[in-house]
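Each chain, written out:
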Amino acid sequence: MNGIIDFNYFEKVRVKLSTRADNSYNIIIAKNLFPALARSISRDNFGSRYCIITDSNVAKIFGNRLLKQFNGLGIKCDLISFPAGEKSKNLKTAGKILEKMASIGLDRKSCVIALGGGVAGDIAGFAAAIYLRGINFVQVPTTLLAMADSGIGGKTGVNLGAGKNLCGSFHQPKKVYMCTEALSTLQKREMRNGLAEVVKHAVIFDRDFFGFIEQNLERVMSLEDGIIVKLVKRNCELKSKVVEMDEKESNLRKALNFGHTIGHAVEALGNYKKYSHGQAVSIGMACEAQIARGIGIMPERDAGRIRALLQKIGLPVRLEYGAQETLEAARSDKKADGGKLHYALAKSIGRMHTEGGKFAVHVDDGIVKKVLEGCR
Ligand code: GLY
């Protein structure tokens, strides 16, 4: 019987967890949301007190203003800030934030306000997810990248030495407030980065939306009110549909990785300095559209339109690394499954390709290498 447990006699207690809580939430998108933000958040009653968590840059532009709004309403609110930049997205910074949350006495009824771009949203959401085993949080993304992607869907977390986003939790916000006036504080470069993810959502789900971006790019870049709200809203509708259907990324949510298998490799090969995430994803999308064309599932015309739109936005599309080193870098990414690379590919603009119902498909390395050589 060595090593074998004898279960001839046992009692059984079942822990029934099949009833899921309704975690639905609203995303509010408006131009002039910020001046009334504290009033709007407090009216929703998500906490008996609030704690804004943001980075040192956003604290100066929006954090202190929001804090003053809460103070003006006589509602208890604190602000915790951490040094701006991806280098802060780690367990050390998260630990400091958590200690601070404890020292100011946040309790289970407190609500975190995750204010800022992708890093602030991810780290503040993560702190809310694990503090006291999870407290409420609302998300206030201030960059287009965060409004387009990381601010929707409840992925929170930090990087580990071994790779990006390796430590985290799915923790859905109670509400998301997208104040499009915040976009006027961004450099054009940051707008372009956000647009890369918006284009991704259009390619994988909505051909008309892709055409809308093509036709209105200048009005988007100049932040024309009606156009920008429409762009952000349609993007939110597309991403949130995916999250509704596959919150924990078992299949459909993997479609959101279009451009990311090659994109993550490019980001890593540039040591996370040469290319921003949006730029790397742009190169990834241009290459993966060619992979889809190379295996005969995407028409040449669509691959060309994707490349042309990314270029028109001002994003890079040319792969500057060798095919072999790109594939090796892709294989070290956390999404590589036992060394076998998977791609989320579109079969045309607006329609995803599936194999056996799966959105992440394997493509033979030999074919990918040949295609990638042509993308340089
Ligand atoms: N950024 C992809 C996702 O939220 O699943």
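Quick notes on the rules
Residues numbered from 1 in each chain as written. Predicted model: local features only at pLDDT ≥ 70, side-chain atom pairs only at ≥ 80, totals over all residues. Heavy atoms only, no water. Axes fitted to C-alpha atoms, helices over the stretch in contact; angles between N-to-C directions. Helix = DSSP H or I, 4+ residues; strand = E, 2+ residues; numbered from the N terminus. Left-handed = near helix turned anticlockwise from the far one by under 90°. Contact = heavy atoms within 4.5 Å. Nonpolar A, V, L, I, M, F, W, Y, C, P; charged D, E, K, R; others polar. Core = buried A, V, L, I, M, F, W, Y, C linked by side-chain atoms within 4.5 Å. Buried < 20%, exposed > 50% of the residue type's maximum accessible area, 1.4 Å probe, protein only. Patch = residues over 30% accessible without salt bridge, like charges linked within 9 Å, V, L, I, M, F, W, Y side chains within 5 Å. Areas by Shrake-Rupley, 256 points an atom, 1.4 Å probe, with all protein chains shown as cover. Salt bridge = Lys/Arg side-chain N within 4 Å of Asp/Glu carboxyl O. Pairing = 2+ DSSP bridges.

Whenever I open this one, the packing of helix H7 (residues 207-221) against helix H8 (residues 225-245) confuses me. Can you help?
Angle between the axes and distance between the axes: these two values describe a pair of packed helices. Taken N-terminus to C-terminus, the directions of H7 and H8 make an angle of 150°; their axes are 10 Å apart at the nearest point. Here the hand of the crossing between H7 and H8 comes out left-handed. When H7 is examined against H8, the residues Phe 209, Phe 212, Ile 213, Asn 216, Arg 219 and Val 220 are found in contact with a partner set consisting of Ile 227, Ile 228, Lys 230, Leu 231, Arg 234, Asn 235 and Leu 238. Here the contact of H7 with H8 is built from residues that sort into eight nonpolar, two polar and three charged.

Would you mind showing me how to read the nonpolar core here?
Soluble, globular proteins show a tendency: their nonpolar side chains are buried together. In terms of nonpolar packing, the biggest core is built from 77 residues, with Met 191, Leu 195, Val 199, Ile 213, Leu 231 and Tyr 343 touching the most fellow members. With nine residues, the top contributor of residues to this core is helix H10 (residues 277-294). Ignoring any residue separated from it by four or fewer positions in sequence, one finds Leu 231 in contact with Leu 144, Leu 195, Val 198, Phe 209, Phe 212, Ile 213 and Val 220.

Please clarify how a nonpolar patch on the surface should be interpreted in this entry.
On the surface, a nonpolar cluster with roughly 220 Å² of combined accessible area is contributed by Leu 91, Leu 160 and Leu 166. Along the chain, Leu 91 turns up in helix H3 (residues 91-103).

I would appreciate a short explanation of the pairing of strand E5 (residues 136-141) in the present structure.
Consecutive side chains along a regular strand alternate between the two faces of the sheet. Of all six residues in E5, five are buried, a share of seventy percent or more. Sheet analysis places strand E4 (residues 110-116) next to E5, joined by six bridges and oriented parallel. Paired with Leu 115 across the bridge in E5 is Val 140.

How should I be thinking about the environment of Leu 309 in this particular structure?
Inspection of the secondary structure assignment puts Leu 309 in helix H11 (residues 300-313). Of the residues examined, Leu 309 reaches a relative accessible area of 3% and is grouped as buried. Setting aside its immediate chain neighbours within four residues, Leu 309 contacts Val 199, Phe 210, Ile 213, Glu 214 and Leu 217.

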